[in-house]
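Here are the chains, one letter per residue:
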Amino acid sequence: MAEAKTQVTDVDPAEFIAAVEPERKRNEAQELDALFRRVTGEEPKMWGPSIIGYGSYRTTYASGREVHWMRTGFSPRKAKHSLYLMGGYCDEATGKRRDELLAKLGKYKTGKSCLYVNKLADVDIEVLEALVRNDWEEMKRRYPD
């Protein structure tokens, strides 16, 4: 079985965040880190060179491919923050709640299991925290420790 390209590294997430440029993006990454820690109760780990992940799980796809991945996380990318929120795609009720929250969030874009936010000032932080919590709870239910 082939290993996923993105693996946990020994890089300290605080050191990674301290090097994020520009300063606004760095400050927002610190704010996101605090939010994810508050919601998850987990210490972050770096996944690959630029993803900060909280918790992890293992699953096997129908193809037989085994995956070890973070439960949730984010990456302070140059253009936008990428937030990895997979739980809303796993369960219809969780997805419905996600959609209700997204309607109140503010300015964002979505991808397959990502939420893209240009700057935190564009979104309601309380709604964002509720989205992360909604996702985290579903991932914990679906993939218990």
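Quantities reported herein were computed from a predicted structural model and do not represent experimental measurements.

Engineer: Got a minute to help me understand the pairing of strand β3 (residues 66–76) in this structure?
Structural biologist: Looking along a regular strand, one sees the side chains alternate between the two faces of the sheet. Counting buried residues in β3 gives nine out of 11 residues, a clear majority hidden from the surface. Relative to β3, strand β2 (residues 51–60) runs antiparallel, the two sharing eight bridges. By the bridge assignment for β3, arginine 58 is matched with histidine 68. Adjacent in sequence and paired antiparallel, β2 and β3 are bridged by five residues, among which glycine 64 carries a positive phi angle near 100°. In the sheet, β3 pairs with strand β4 (residues 81–85) via five bridges, with the strands oriented antiparallel. Paired with phenylalanine 74 across the two strands is leucine 83, which belongs to β4. Here β3 folds back onto β4, and the loop between the two strands holds four residues.

Engineer: I tried to follow helix α3 (residues 92–105) on my own but got confused; where do I start?
Structural biologist: For the α-helix, the turn length of 3.6 residues means that residues three or four positions removed from each other point alike. Helix length check: α3, at 14 residues, gives a terminal C-alpha distance of 20 Å against a target of 20 Å (1.5 Å per residue), a fit within 8%. Three or more residues of α3 are buried, namely Thr94, Gly95, Arg98, Leu101, Leu102 and Leu105. Taken end-on, α3 shows its buried residues confined to a sector of 125°, consistent with a single buried face. Seen from the buried face of α3, the exposed residues on the opposite side, beyond 90 degrees, are Glu92, Ala93, Lys96, Ala103 and Lys104. The inward-facing, buried residues of α3 contact β5 (109–110), β6 (114–117) and α4 (125–142). Positive backbone phi, approximately 125°, marks glycine 106, located one or two places after α3.

Engineer: What is the right way to read the sheet that holds β3 from this model?
Structural biologist: Pairing between the strands of a sheet comes from backbone hydrogen bonds, and it takes one of two forms, parallel or antiparallel. Strands sit in the order β1-β2-β3-β4-β6-β5 across an open sheet of six strands; the sheet is antiparallel. In this open sheet, the two edge strands, each paired with only one partner strand, are β1 (45–47) and β5. Relative to β6, β4 is paired through four bridges, and the arrangement is antiparallel. Paired with tyrosine 84 across the two strands is cysteine 114, which belongs to β6. Packed onto the sheet, α4 meets β2, β3, β4 and β6 and runs at close to 170° relative to β3.

What counts as what
Residues numbered from 1 in each chain as written. Predicted model: local features only at pLDDT ≥ 70, side-chain atom pairs only at ≥ 80, totals over all residues. Heavy atoms only, no water. Buried < 20%, exposed > 50% of the residue type's maximum accessible area, 1.4 Å probe, protein only. Helix = DSSP H or I, 4+ residues; strand = E, 2+ residues; numbered from the N terminus. Pairing = 2+ DSSP bridges. Expected span 1.5 Å × (residues − 1). Arc of directions from axis to C-beta. Contact = heavy atoms within 4.5 Å. Axes fitted to C-alpha atoms, helices over the stretch in contact; angles between N-to-C directions.

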